[in-house]
Structure formats: C-alpha cells, structure tokens
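This is what each chain is made of:
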Amino acid sequence: MTLDLTSLPKIVRLQLRIRQYPILGKDIRNKMLEEIFRRGIITPEQMDREVRHRSIKSQELDGQNKSLTKEPAEIWKIRTSHVRDYLTEFYFAHNLPMYLFDNIVNILIKNRSGQERTVAGINYNPEMAPLDLLMNHGKQIESLKHEERKVFSHHLQEIIVVAIKTIVSDRLEFVGTARKWFTIQDLFDILDRRYGTGKIGGKAAGIELARKMMQSDSQLASEIRTPESYFVATDVFDQFKDTNNLTWVMNQKYRPVDEIRELYPSIRNSFDDGSLPGDITQELHTLLQRHKGQPIIVRSSSLLEDSYGTSFAGKYESYFCANQASSSDNLDSLSKAISKIYASVYSPDALLYRKKMELLDYDERMAILIQVVEGDKYGDWFYPPIAGVAFSKNQYRWTPRIDPEEGLVRMVCGLGTRAVDQTSDYTRMVALSHPNIRPESGVSAIQHYSQKKIDVINLKTNRLETQPITKILNGKLKWLRLLAVQVTNDYLSKLIATNPNIDPKSLVLTFDQILEQTNFVSQLKHILRHISKNYQTAVDVEFTTKITYEDKKPKVSICLVQCRPQSLRNENLPTTIPQDIDQSAIMFKTRGIVRDAQVDRIRYVVLVPLSSYDSIKDPAKKTNIARVIGRLNQALQREQFVLIGPYRWGSSNPDLGVKVTYADVHNTRMLIEIVPDSGAKTSEPSYGTHFFQDLVEANIYPLAISLTQGEGYFHESIFRNSPNLLANLSPQDVRFADLVKVYDIQEMTNGKTLSVIMVSATDESLGFINYANER
C-alpha cells in the first residue's frame, strides 16, 4: 500500500521526501536555501546567527557546556551542519509550497543525469517521488519506439503501478488488473478530470477500467460509450472535515450500534452545514458552466467501494442535480449533494457493513464521481428510455432451461434508480440465455408484475421525481412500441405503429420488442463476456440505453455508467429436496426463484405475523417494527437465527413490508418473506437491488414463501404453544409482543433446530425441524 503522506505535518513530509534522494540530498537543501534567501524569508546573516545560537543550545542539551574540554572542530562542524539542514527544512516547509520542492528535484535530476539518463532508468524511489516527475518519466518511456520501449518496460510498469495507487486506487486486487490496461496517457486523462490531489475511489476506478477494456474490442469501442465523468478526489474529503471542524466523527465507527444510530442525524446536519474548499468550489462552478443545462448525477466513490467481494451497494448516497436553476443555485445543489455523500460514510448501514466485512479498521475516505446523466428531453421530463443493471452470472433461474453463465438483466423505463433501489414497484427480469422466457405467465400476471412508476428529472421543478407511467408515456414516443404493449379485454397486443391517441392507461411495459427486434441482448452479452473475461471474475454493470432510428429500423446504443465485480457465494450445495422428511416436521414449503443453499442449525425464529402486521393502522408503528428488528438483530448477533415477515423486507413503504435497512438485519442467516394472495400487496422478490446485493455479500439467504401457489404454505401454528422471548431479549420492546415474536426452536423441540434447503433446478424450498446430525 502506498504511504499516505497527506496526513503528516508538512515539515515531516518534506523531510521524508528529501530522504528519498540520498545522492541529491545536499544539492536539494542548497537549492532550498537559495530559494529561501531569494524570497527574503531570512537573510544569510540571520541564518548564520541562528545556526550558531541553536548549535550552542544543542551543546547545552548534550551537557557539552559543563565539559572542561572544548568540542573538537570536526564535531562542531557536523553539529552546525545538522542544525542548518533542519532550519532550511523548517523555513521552506512553513513558507513555501511543495511544488517548488518538486521543481527543484526535477531540475537537479535532469541536470545530474541528463535527459537520456532520466529516460533510461529510475534513480529515485518511485513510491515517494513527486507525481509529475513520475508521470513525465513514464510519458518519455511511452514515447519511445517499440523496440526501445521494451528495454525500459520494467521501469514503465513500476511507474504505472505507483501512479495507479496514487491517482486511482491502492486496492491490490484492482491494481493487479488495472496495470495491464492503463497507460500513462490514460492516467493523464484521469488527472485532467480530477479535482484535488488524492485518489478517485472505487466506483470511478471501475468505470474507467471498463471503458479501457471496451476500447480493446473494435465492436464495443464503436458501439458502447461511457458518460462524461469527473472526480473530486479523496483529499478534498479530508479538507472538508478539517475546515468545517468535523474531525470528531473519525472514531464514530468504534462506537456502540445505538450511539452510531443516535449520532448520525446530527452528523448529517453538521456536514450539510459545511462548505467545500474555495478552489474546489471554483472548479465545480466551471464544470457546471461547461455542462450548463445538462442534468448530472453525483455519486459516491469511496476507497473501499466496488471492490472484489465488497461492493458497498447502496451504502453511500447518490444524488441527481437537474442543473436547471441559476448558476449559484446549481452550484449550491451540487455542493450539498457532495456534503451529504460525505456524511453517508458515517451512516449506520455503512459502518455496520464495514464491521461485517472486517473492514472497520481501514481508513475509508470518500471521493466523488460526477457524471453527466444520459437521457433525452421529452417536454418537461428528462430520462432515458431504458436503464438497468446486468449481471454476467445469473444466480436465480426460474426454469432449468436458463443458462446461468449467460447473465441476467433487471431493466426499467426511465432513470435506473428503480432498477437498483428497493421500491414497491416491479422491473423486467431478463435471462440473457432465454430473453423471452418470463418468470411469470398469463396476461393478469404479466400486467400485475409490470412497471407502474417511472423516475424522471423534472426540468421545470429542477428535481428528481417519481411519476406514474400513465403521466409520462404517450403514443407520440417513437420507441414506445419497443417497450410496451396494449391490454384490451385481457389480451396483450403489440403496438404496430405510432398512435398519438392511445390511452396511456392501456399500456403495459413488457420490453418484449426491444428484446426481439434489436441487438440489445447481444450487445449486453458481449459487454458482460468481454469485461468479465478480462476482470477474470463475474461482473455487474449499470447502464442506460438510447434508441435511434436508421432507415426506419431501431438502433440501440448502450452507455455503461458503472462496473464492478459481482458478489457471488460458492458453497457445497444440495441437488434435491429430501423426500423422507416427516410432514409434521415441515415448517414451510414453497416454489419460486431461489439460489442453491442449505442452512442448518437455525435455533431462533424472529416472526412478524402477517395478520398482526396488517392490523396496524398507524404508519409510525409499522416503522417502529423495523427498529425492534434492529435491536433483536443485535441481541442475537452470536446466534443462528432467521427473520420471517410479511411482504417485502426492506421496502421503502412500510405498508408494503417491514422497512428495515442492512443495519437492522445483517446478523441473520435468512430473510424470509411471507407473500399472501397476489391481490393483497406487491411481492416480487428484490433480485438485483442494492438491498438484495447486501444479502448476497453478507451470505444472507432471501426467500419468498408464496401462499398463492398450491404447494406453498407456512405452518405458523407450529409456534402456538411456545413462549415469545421478545421481552427477555429486548425488554424495552415488550409493548410490541403481539407484533414481533421470537421463538427458540431448540427449547421447543428438545434439542432440534430448523434446516432450510433451496434447490434452483426445481425452484423448491423446504424448511423443516430436525436434529443437526440427522442430515
């Protein structure tokens, strides 16, 4: 890991830098002293007097003044030389900028070695060298002819590695891949779009690497694009905290969970009141003027984010800025968005996720990725026709015909927030091996599980809004027939041509024709295959899609906005459901999309009964249920337990499920949703959302028990005569005893526990009581 000098006092940084050039050390200090004298910081006479005075003082500290013999001349010379060196460093560090030091070093190296010698080899420590010296050296090597460059390739590789760790990311697994792709010119291009002097962070690193990988494929290079992107580096995060007296939050990650929750609102308010450094504010103003009138998205890009096995999906905030107001208001919106993202570093979800992933001790710092939003203007609305997230490995098959190696897409009409965030709406799930095979069948099911709302930027109100599709979609949209069908008398019919008079209420978003009539699927498959091959692991990407027409034929153009390694869990898994289990021991059984898993020795069941939850009329009380779950999650952190509750766990609407976050559930082994008849509530499992990704990474298994299917059932009566342990585990929540139940299976059954088996090939899942050593 590259040594981070930015947190050290300036004089210490200067001293460390000088020590990296032992051969040039004396010359460097002489040039520094010349600069000090030239600028009148101190005169040569004053320096001589101070050197003598401090040398005598150092003799006194050594006890030399008590000696009867005079200090030898050669010792005195060494003493005064050390004092002069220190004073030179002191006056330079406290009065002159560090770039002057870099200039001195550059000139001395060129003068000493000559231009040819500088290109030929590295006579300094690259890890500690000034970045401009390093980059210019790399540029010189890259400019050589091929045969000459081969001689210095090992030097160039080291320069690129150090530059990546300095500019982009120091995560070694990323560096190991990125060094094979990035050139010095690529890194100069990043520097041209970087504000500050630190790293650009994980999310920015991911999209820059994906862009570079796609350039190596002629088809992808011509067809796929990435948005215009800019980076506010990690050092600005530190400056923000320093200048706004917010360094007190640094130890937040080591506080108890309750304190983390309690303090976070005040942290958010304090960060919201903060202001960015003046030079960064000016840079952002220039950026907004360059993209005047174009909506932008402000995204987190922390050092840990989007890494192998730790995506931090949804942990940190992202904000759309419509950029339609006055220059000052637009700048204020952008600055506020950045400060809110900075505050999210200390959110309960982020800190508990880091603890779960054993990353709490890492110095997490936040960079910012600013991207121009891809989309088109339709009246007062701005949005892309299609956006979504695609995975190179499909972990959830709804038929054995689906090839998991071909990937999965979760797509929506409008901005991609509805594809990755936990909402009460539906998305279109597409298995790329068989895009026309849907998870559901029949007109009513297709209509029920279709997208009903759309996220758009309202250019008139200058904000992100969620609107019903009936308000946004209309027959004048040329691409509408590729995304929607019309329902008439329980029959779905294709839209043959543009029809301005079509009733928006009759439209159902199926995306069927975009899958059948365009190269959308083949493009996505090509992207996923190419990037995952070069990453040497499965990846997931977020994208938007533009639809144009050439010779009356639709043409799809994909814009990649994010890329990261896909979170996967590989274990020894069952292949079938056992057939010899006693029926009286079965707690639940269901069919539906699952990933292969077997979870044993579950001792506790935390249950939110469906009927009890539905009886709550006060929304605030439903929200409080989530806090109770959070406290039980903490109380049972060392136990094997599952959560069972109604509808969709993690829903943003408490009427549609318990409104928990990752921080409320991260210790459980399973998150089980009870889904009643389809007319009651929306209940599609949240595959592909950020919340769902949290569960995958934490090795928490989601499962939906559908009570609408013939084989689906949950025997809640199994707990009828068992004591509720809520009051024992969380005494403060005893008033919720009729709404939240905690059962000890082991106590109920004289030593038995709950086992759950899920088999993707048959879509079957079974939960049953047994002794741990029975299977």
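Only a predicted model underlies this, so the values are computations on that prediction, with no experimental measurement involved.

Asker: Would you mind showing me how to read the overall build of the chain here?
Answerer: Looking only at helices and strands, the chain has 29 helices and 27 strands in total. When burial is assessed residue by residue, the chain has 57% of its 775 residues classed as buried. Within the chain, counting contacts between residues at least 6 apart in sequence, those at least 24 apart form 74% of the total. Of the accessible surface of the chain, which amounts to about 33700 Å², a share of 48% is contributed by carbon and sulfur atoms.

Asker: Before we go on, may I ask you to explain the packing of aromatic side chains in this structure?
Answerer: Geometry of an aromatic ring pair is reported as the spacing of the ring centres plus the angle between the planes. For the coordinates displayed, the defined rule picks out 12 aromatic pairs. Ring centres of Phe 520 and Phe 543 lie 6.0 Å apart, and the angle between their planes is 55°; on these two criteria the pair is classed as tilted. Residue Phe 520 is found in helix H23 (residues 520-535), and its partner Phe 543 is found in strand E16 (residues 539-550); the two are separated by 23 residues along the sequence. Assigned by exposure class, Phe 520 and Phe 543 land together as buried. Across the ring face of Phe 188, the terminal group of Lys 139 is positioned such that the distance to the ring centre comes to 5.5 Å.

Asker: Can you help me understand the environment of Gln 20 in this one?
Answerer: Among the structural elements, Gln 20 can be located in the loop between helix H1 (10-19) and helix H2 (25-38). As a C-alpha pair, Gln 20 and Asn 125 span 105 residues in sequence and 6.0 Å in three-dimensional space. The contacts of Gln 20, once residues within four sequence positions are left out, are Asn 125 and Met 128.

Asker: What should I look at first to understand the sheet that holds strand E27 (residues 764-770) in this one?
Answerer: Strands pair in a sheet through their backbones, by hydrogen bonds, and they do so in one of two ways: parallel or antiparallel. Spatially, E19-E26-E27-E18-E24 is the arrangement adopted by the five strands of the open sheet, whose pairing is antiparallel. Each having just a single partner strand, strand E19 (597-602) and strand E24 (713-714) make up the two edges of the open sheet. As defined by bridge partners, strand E26 (residues 753-759) adjoins E27 across seven bridges and the pair is classed as antiparallel. Bridge pairing in E27 places Thr 753 opposite Asn 770.

Asker: Could you clarify how one ought to interpret the packing of helix H14 (residues 257-272) against helix H16 (residues 327-344) in this entry?
Answerer: Packed helices, taken two at a time, are described by the angle their axes make and the gap between the axes. For the pair H14 and H16, the least separation of the axes is 8 Å and the interaxial angle reads 150°. Relative to H16, the element H14 lies roughly antiparallel. Read as a crossing pair, H14 and H16 show a hand that is right-handed. In this structure, H14 contributes Tyr 264, Ile 267, Arg 268, Phe 271 and Asp 272 to the contact, and H16 contributes Lys 336, Ser 339, Lys 340, Tyr 342, Ala 343 and Ser 344.

Asker: What exactly am I supposed to notice about the confidence of the model for the chain here?
Answerer: When pLDDT is low, close inspection of the predicted coordinates is not appropriate. Per-chain confidence: the chain averages 86 in pLDDT, with 90% of residues scoring 70 or above. Segment residues 1-7: pLDDT under 50, and 13 contacts once partners within four positions in sequence are set aside and those in other chains are kept.

Asker: Help me understand the environment of Val 232, please; the structure alone is not making it clear to me.
Answerer: Among the secondary structure elements, Val 232 is positioned in strand E2 (residues 229-232). On a C-alpha basis, the gap between Val 232 and Gly 198 in space is 8.5 Å, while along the polypeptide they are 34 residues apart.

Asker: Looking at this structure, I do not really get the sheet that holds strand E23 (residues 701-706). What am I missing?
Answerer: Taken together, five strands build an open sheet; the order of strands is E23-E22-E21-E20-E25 and the sheet is mixed. Edge positions in the sheet fall to E23 and strand E25 (741-744), since each of these pairs with one other strand and no more. Recorded for the sheet is a direction-independent mean angle of 20° between the axes of neighbouring strands.

Asker: Sorry, what's going on with the environment of Ile 370 here?
Answerer: Looking at where Ile 370 falls in the secondary structure, it is placed in strand E5 (residues 366-372). Setting aside residues no more than four positions away along its own chain, Ile 370 makes contact with Glu 228, Ser 229, Tyr 230, Val 232, Leu 284, Leu 287, Ile 296, Ile 297, Val 298 and Leu 334.

Asker: Would you mind showing me how to read helix H4 (residues 73-95) here?
Answerer: Relative to the 33 Å expected for 23 residues at 1.5 Å per residue, H4 spans 33 Å between its end C-alpha atoms, a close match to the ideal helical length. Within H4, the full set of buried residues consists of Arg 79, Thr 80, Val 83, Leu 87, Thr 88, Glu 89, Tyr 91, Phe 92 and Ala 93.

What counts and what doesn't
Residues numbered from 1 in each chain as written. Predicted model: local features only at pLDDT ≥ 70, side-chain atom pairs only at ≥ 80, totals over all residues. Heavy atoms only, no water. Helix = DSSP H or I, 4+ residues; strand = E, 2+ residues; numbered from the N terminus. Buried < 20%, exposed > 50% of the residue type's maximum accessible area, 1.4 Å probe, protein only. Contact = heavy atoms within 4.5 Å. Areas by Shrake-Rupley, 256 points an atom, 1.4 Å probe, with all protein chains shown as cover. Phe/Tyr/Trp six-rings, centres within 6.5 Å; stacked < 30°, edge-to-face > 60°. Lys NZ or Arg CZ within 6 Å of the ring centre and 35° of its normal. Pairing = 2+ DSSP bridges. Axes fitted to C-alpha atoms, helices over the stretch in contact; angles between N-to-C directions. Parallel < 35°, antiparallel > 145°, perpendicular 65-115°, else oblique. Left-handed = near helix turned anticlockwise from the far one by under 90°. pLDDT = per-residue confidence, 0-100. Expected span 1.5 Å × (residues − 1).

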